[in-house]
Each structure stands twice: as C-alpha cells, then as structure tokens.
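# Chain and residue survey
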Amino acid sequence: MSSLSRVLHPTSIAVIGGGAWCISVIEQARKFGFQGDIWPVHPKAGSIAGETAFASLEDLPAAPDVAFVGINRHATIDAVAVLSALGAGGAVCFASGFTEARAEDGEGADLQARLVQAAGEMPILGPNCYGFVNGLARAAVWPDQHGMRPVDRGVAILTQSSNIAINMTMQRRALPLAFMLTSGNQAQTHQADIASALLDDDRITAIGVHIEGFGDLRKWEALAKKARDRDVPIIALKMGRSAHAQAATISHTASLAGGDAGAQAFLDRLGIARLDDIPSFLECLKLLHVTGRLDSNGLGSISCSGGEASLAADMAEERDVHFPPLSQKQKDNLRDALGPMVALANPLDYHTYIWRDTEAMTRAWSAMMSPDQALTMAIVDYPHTDATDWDCATQAALNCVALTGRPFAVTATLPELLPEDVALRLMDGGVVPFAGLHEALASIEAASRPKAPEADPVLLPSDTDADEVLTEAEAKHALAEFGVRVPQSVVTSAAMADGASANLTGPLAVKGVGLAHKSEHAAVRLGVHADAVAKVAADIGTDEVLIEEMAEGGVAELLVGVTRDPAHGFVLTLGAGGVLTEILRDTVSLLIPSSRDAVQDALGSLKCAPLLAGYRGNPAVQMEAILDTVDAVQAYVIANATHVSEVEINPLICTPDRAVAVDALIRKASS
C-alpha cells in the first residue's frame, strides 16, 4: 500500500456521484476553508454544488489526491479500479453492503475482496465510512455536518463508527481536534496504519482510537513501538466488555471481537490506556494534549467546600489514584496563605475565606502544588447565570501554572457548569479544564499509567478447532515434560488399585478417570490412607482411577490457565485457585509470551497476593517455583501453538519450597 500522505493532506478532492451525500461533501469542504481543487464527477450534471462537473474520471485535469466515492457498492469497485490506474492518492469508500452486511450468500465478502483487488497499491478508507476532517490542513472529505474547527495542533481520533465520530466532533469541551477519521470496515487500510501515519506529524499531541476489533495484531504492535519512540500517548475506547456489545460489534463490522480479557491484556501490553465512556475518553485526550503523560498517580485536590473534598476522595477510591499527604513545607505555606482556621489536608477544603481574592487564591492554590502530586486540581463549578463573577478562579488557576510550571486543572463536578469560553481560556494558559469530576479522575488514572516496557510479539493463535480433552494424568504428563512439578501418581483399574499404589507415599488422592466434572460426581477423594485405596476406588465407580500423592503444606492455591483467543492470541490467566476461583473471581490476564517480571507483577496485583507474601505470621510461598511453573506452561503452549486450545492448572498448590500442579486440563486438536 502506498503512503497515506496525499490522502490525509489533499490539495485536490474528486467527488464521485451527484446525490445529497456528495453535494454535502463539497459544501462541507468549502465551509471548512479548503483552498484546493474540488472536482465533481457525474456523467450528466454540468455542475454540482457550484463546482464544474466532469463526465468521467478520465476527464479530470489530474489524478486527485483523494476521491470521495459516493456511489453504489458495485459501481464503487469500478471507480476504485480507475482511480488506481490514474495514480490517485487514495479513496474514501462511502457505500455499505460489504462484509458488515454479513449476507448469507457471501456477496458482501466477495465484493469487499474485489474492492481491495481493484485498489491495488492505492490506499482506500472503508468501505462503509464517512471519511475524515483534517483540522490542521482545513481539509474535509466528509458527507455530513461536523463540529470541528481549524487548529494549529491538537489530538487525533480514529473510529470505526461514523455516527460516534460525528458526535465527538460536536463536543463543546475545548478539546482541540486536529483530526477525525472513520475507518469503517478497514478492508485494506487498518486503523493502526492510519494512526502510524499521523505520528509523523509533530502537531498531533495524542491519539485516541475507538476500537471494535483489533484485526492485525502485528500492526498494533508496530504502532505501539512507534508511539513509544515518538513519545506520543495513545488511548483507547474499546468496545466489547459484554456479550451484547460483542454481538453488536460483529454485526456492525464483521470483525472478530474476541474475549474482553484478551483485549485488555493486549492493550496493557501495548501501553494503551483504556477508557470506558466517550466523555472520559475526550477529557483524557484533553489532559494529554495539555500535559502529556503524568509522571505519577499522585493527585492534589482543592475546593472551598467540605462536601466537594469528600466527594473527590470518595470517587477516587475506585480509581488507581491517590492523595499524597501534605509535606511540612506545603503545610507552612498553606498556613501562611489561609490562616489558622483551616484544617490542612489533601483533599483540601479552604472554605470561602479567600474567595474572590485572586492574589490570595493564587498563593493558596500554588502552595498546595507539590512534586508528589502529578496534577493539582481546583474544583470549580461556574454558575450559568454569570460565569464572569468567578473569574477570580480562572485567573488564579492561570497564575498557578505561570508560577510553578506544574500541571494544574480546574474541574467542574457537573460538565455543563464549565463554559466553553472559560475552558478555552484555561487551555490557552496551560490549565486542564475538566468537564466532570468522574471524567477527570478517569483521565488522571489513564494518563498516569507508565509506559509499557517493550515486549516480545504476542503468540498468534491458530484456527484449529479443539476436539480432544486429555485425561488429567495425560495433561500432567505433558506439562511435566516442560517442567511443571506434578505429584507422583498411577492410573489403574479399580480392581488393581491396591497393588498399583503400593509405591506411593500417603496420604493419597483418588480420582475417577473420564469424568468432565469429577467433584460434582463425588469422584475426588482426598486424604485416603493406603489400606482404604481399594475400597475408595471401587466406591468411585469409574473403570479407571488416578491415584496420586497429596501435596501437603500448602500456603496458597492458584489458578494458572491459558485459553486461545482467536482475536488476541493466547491469554494467560493467573488467579486465586481451588474452591476460591469462582467465588472470588480474583484473576489477572496477560498474553503469551510474558516475562517473569510481568508475571510477578501480575501476581502481585491479585487480591490474594498477601497470602503469597506470608499473611499474619504464615510463611511465604516460594515465588520462584510459581514463576517456574508459569514459564513451563508458556513453553508448552508455545511448542504446541498449532493445535492447543486450552491449558489449566487448578489448583497449583504453593508451599514455602515448591509449587505442585494437583489438577490439570489440556484441550487440543486431535491431529
């Protein structure tokens, strides 16, 4: 595929078609201030929207930098082929009815394949997309209204959904939108390709991506590396947490959404923070535009109301942010600024003693700022009756940034109580104007995430269907060959159980073989002594039994599992194991391969982590043994990636000197 430069920064636009959508493209381009050539193409019309029309693409004075193809899906393919032959820079394919239609006869998929073939090396956006608005170049290839304004620098947003894109351009939050682009079906040009191209423009301060499905994982990995190298933050609005959202995603774009645990693990690996709603997504981009990444998750909060101070503290409880205690220097400076009647704390309620005294507010607010706080915010809701009456707060915030050079924000608890003109003034002075306290805290949490270390490429999944489940003994044997520690055991018939277990050291575990859920059939018996093995085996009732030595001295039980996610690779899940797995749902997910450091950090994030470290006088587990086990499981999956679908150890009994897999499952293809 050729460079996207001509497409995204055009000096000439061809508009193919004469309908209302095409007329709107011409009108929107001129309205936005596009100074280049616009060439309508229509076999009969003499002019369209005031521009002289050409009867065919071959009649154009030159190959256009970009063409808006606003005709039906069949004709779109023919037009794209001609544009490619002419040497056009690229095309926006507006028509729908391709893979997103999911027609049972497969026509949509066939047409999309033909469209890609027709394009050749010429970039195409879509199909089933609106196009883009470039606020840096005053270029709009867009068939509808939009709310963007020309800017000198700002953030870029890429989305698969044209409707979401329109809505976000209409934001009134003072967010400088430099670029809005819709990618539709991504038949040829991937979201990550476009984001990578935008990274070449140093006027782009941050990139936000609305993602329904990742598609080519390698492109995302390359994008993340380029963004790290250029130090441009990327954040995501990722859909698909719920089953309903995944179904809607697939029906809309025909992309495979995959499991959300895999999606989150992939975003974590890329170092792309995830936001859950559009307002927080936009506010986070605003924060990143003004400050870039925050250097910690320490937060300072200032308000003239104890209620607001408490509200900020309570809402932050659910976020990975914290309020560092005030240093003695901060306390001394605050006492000088506020006097003796204010209780000094973070969050700070300074009452209203200094309200409307801009100089005093500046002294107090700047005294609150500290290197321990990556960002300090003043909570201010401007009255819609007369916002100018609170100009003291606006000026004090601007003064704080000018005096200290450190990040400062003004946060309205209610988004509608931050007037756009005030927000623009704050932004111009380097103050972050947050519209909404919830949105502010979500943004600070996301922006304070450290850069992810560069990781190996994820292990790509095969498309082989699993149709065989190994027995527990077979699974343990397979994992043991890669270094997983398992108990000494034997598989035998119930009739031969007594003699077969003679060389094992009790107490023993006796389990039925051939049952999917042994515990539900009372087919797992623990603590069996040697003289009772035969009776217990007969009582279980299966043709064969697994008899093994019990792992004693356990401090904690863990789950180590791997599932093949067709959209994201192999998801490695670590969590509380045994009977606590479904009760606590205390898990964390990574992608294979993951380093020992990444695995250890993940284990440390679990709620059950204190048990591993030694809780209330109990001994700590042997962490190296756990890490060895996880390494061994990863090695097994990597070696068998073409046919393995699922691996699970549950529980892994963790003791002060070893980690033993006492139950295991492997699901794979039989051939």
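As a starting point, this report considers the structure included with it. Keep in mind it's a predicted model, so treat the numbers as computed, not measured. (Residues numbered from 1 in each chain as written. Predicted model: local features only at pLDDT ≥ 70, side-chain atom pairs only at ≥ 80, totals over all residues. Heavy atoms only, no water.)

## Remarks on the overall build of the protein
Helix and strand content of the protein: 23 helices and 30 strands. C-alpha atoms of the protein, sized along the principal axes, occupy 95 × 80 × 35 Å. Taken across its 671 residues, the protein has 55% of its residues classed as buried. At a minimum sequence separation of 6, the contacts of the protein that also span at least 24 residues come to 72%. In the form shown here, the protein has an accessible surface area of approximately 27,800 Å², with 50% of it arising from carbon and sulfur atoms. Here the protein contributes 49 positive and 82 negative side-chain charges, whose respective centroids are spaced 3 Å apart. (Helix = DSSP H or I, 4+ residues; strand = E, 2+ residues; numbered from the N terminus. Buried < 20%, exposed > 50% of the residue type's maximum accessible area, 1.4 Å probe, protein only. Contact = heavy atoms within 4.5 Å. Areas by Shrake-Rupley, 256 points an atom, 1.4 Å probe, with all protein chains shown as cover. Lys, Arg positive; Asp, Glu negative; His and termini not counted. Charge placed at Lys NZ, Arg CZ, Asp CG, Glu CD.)

## Some remarks on the sheet that holds strand S1 (residues 12–16)
Pairing is parallel across the open sheet formed by five strands, whose spatial order is S2-S1-S5-S6-S7. Edge positions in the open sheet fall to strand S2 (37–41) and strand S7 (124–125), since each of these has one partner strand only. Across four bridges, S1 lies against strand S5 (residues 66–69) in parallel orientation. Bridge pairing in S5 links Ala14 to Ala67. The strands touched by helix H3 (residues 73–86) within the sheet are S1, S5, strand S6 (91–93) and S7, with S5 carrying the most contacts at an inclination of about 170 degrees. (Pairing = 2+ DSSP bridges. Axes fitted to C-alpha atoms, helices over the stretch in contact; angles between N-to-C directions.)

## Quick word on the pattern of salt bridges
One pass over the structure, following the stated rule, counts 32 salt bridges. Here Lys511 ties to Glu472 by a salt bridge, and the two come within 2.7 Å at their closest N and O atoms. Within this pair, whereas Lys511 is found in strand S22 (residues 508–512), its partner Glu472 is found in helix H17 (residues 472–480), the two being separated by 39 residues in sequence. On the basis of relative accessible area, Lys511 is assigned to the buried category, the value being 6%. For Glu472, a relative accessible area of 9% translates into the label buried. One network of salt bridges, with partners in common, ties together Glu472, Lys476, Lys511 and Glu548. (Salt bridge = Lys/Arg side-chain N within 4 Å of Asp/Glu carboxyl O.)

## Quick word on the environment of Ala502
Structurally, Ala502 is set in the loop between helix H18 (497–500) and S22. Sequence separation between Ala502 and Val660 is 158 residues, and the spatial gap between their C-alpha atoms is 22 Å.

## Observations concerning helix H9 (residues 260–270)
Taking burial as the measure, the 11 residues of H9 include eight buried ones, the bulk of the element. Every buried residue of H9 is listed here: Asp260, Gly262, Ala263, Ala265, Phe266, Leu267, Arg269 and Leu270.

## Some words on the packing of aromatic side chains
Aromatic ring pairs are defined here through the distance separating the ring centres and the angle between the ring planes. Evaluation of the coordinates by the stated rule reveals 12 aromatic pairs. Consider the rings of Phe94 and Tyr130, whose centres lie 6.0 Å apart with planes at 40 degrees: the pair is tilted. Of the two residues, Phe94 is situated in the loop between S6 and helix H4 (107–119) and Tyr130 in the loop between S7 and strand S8 (132–134); the sequence distance between them amounts to 36 residues. Grouping residues by exposure puts Phe94 and Tyr130 together as buried. Ring geometry for Phe214 versus Phe266: centroids 5.0 Å apart, planes at 85 degrees, classification edge-to-face. Placement of the pair is Phe214 in the loop between strand S12 (204–211) and helix H7 (217–230) and Phe266 in helix H9, with a sequence separation of 52 residues. (Phe/Tyr/Trp six-rings, centres within 6.5 Å; stacked < 30°, edge-to-face > 60°.)

## So, the nonpolar core
By size, the foremost hydrophobic cluster in this structure holds 101 residues, and its most contacted members are Phe132, Ile207, Trp220, Phe281 and Leu375. Top element by residues in this core is helix H16 (residues 437–447). It accounts for seven residues. Ignoring sequence-local partners within four residues, the contact set of Ile207 consists of Ala156, Leu158, Ala195, Leu198, Leu199, Pro233, Ile234, Ile235 and Leu285. Counting residues in hydrophobic clusters, the runner-up holds 42 residues, among them Leu459, Ala576, Ile592 and Val599. (Core = buried A, V, L, I, M, F, W, Y, C linked by side-chain atoms within 4.5 Å.)

## Describing the pairing of strand S28 (residues 644–654)
Here S28 lies mainly inside the structure; 10 of its 11 residues are buried. Two strands pair when backbone bridges link them, and strand S25 (residues 556–565) and S28 are joined in this way by seven bridges, in the antiparallel orientation. Its bridge partner being in S28, Leu558 is matched across the sheet by Leu652. Both S28 and strand S30 (residues 664–668) contribute to a ladder of five bridges, which runs antiparallel. By the bridge assignment, Val644 is partnered in S30 with Lys668. Looking at chain direction, S28 and strand S29 (residues 659–661) are connected through three bridges and run antiparallel.

## Focus: the side chain of Thr542
Structurally, Thr542 is set in the loop between helix H19 (533–540) and strand S24 (544–549). A relative accessible area of 13% means that Thr542 is categorised as buried. For Thr542, the side chain forms a polar contact with the main-chain oxygen of Glu544, separated by 2.6 Å. (Polar contact = N/O pair within 3.5 Å; in protein donor to acceptor, adjacent residues only side chain to side chain.)

## A word on a nonpolar patch on the surface
Residues Val579, Leu580, Ile583 and Leu584 make up a contiguous nonpolar surface patch of about 410 Å² in total accessible area. Following the sequence through the fold, Leu584 ends up in helix H20 (residues 580–584). Using a relative accessible area of 43% as the deciding quantity, one classes Leu584 as partly exposed. (Patch = residues over 30% accessible without salt bridge, like charges linked within 9 Å, V, L, I, M, F, W, Y side chains within 5 Å.)

## Things to note about the sheet that holds strand S15 (residues 299–303)
One open sheet holds the five strands; their spatial order is S16-S15-S17-S18-S19, and the pairing between them is parallel. If you trace the sheet from one side to the other, it starts and ends with strand S16 (348–349) and strand S19 (432–435), each paired once. Looking at chain direction, strand S18 (residues 408–412) and S19 are connected through four bridges and run parallel. By the bridge assignment, Val410 is partnered in S19 with Pro433. Where H16 meets the sheet, it contacts S15, strand S17 (375–379), S18 and S19, and its direction lies at approximately 125 degrees from that of S19.

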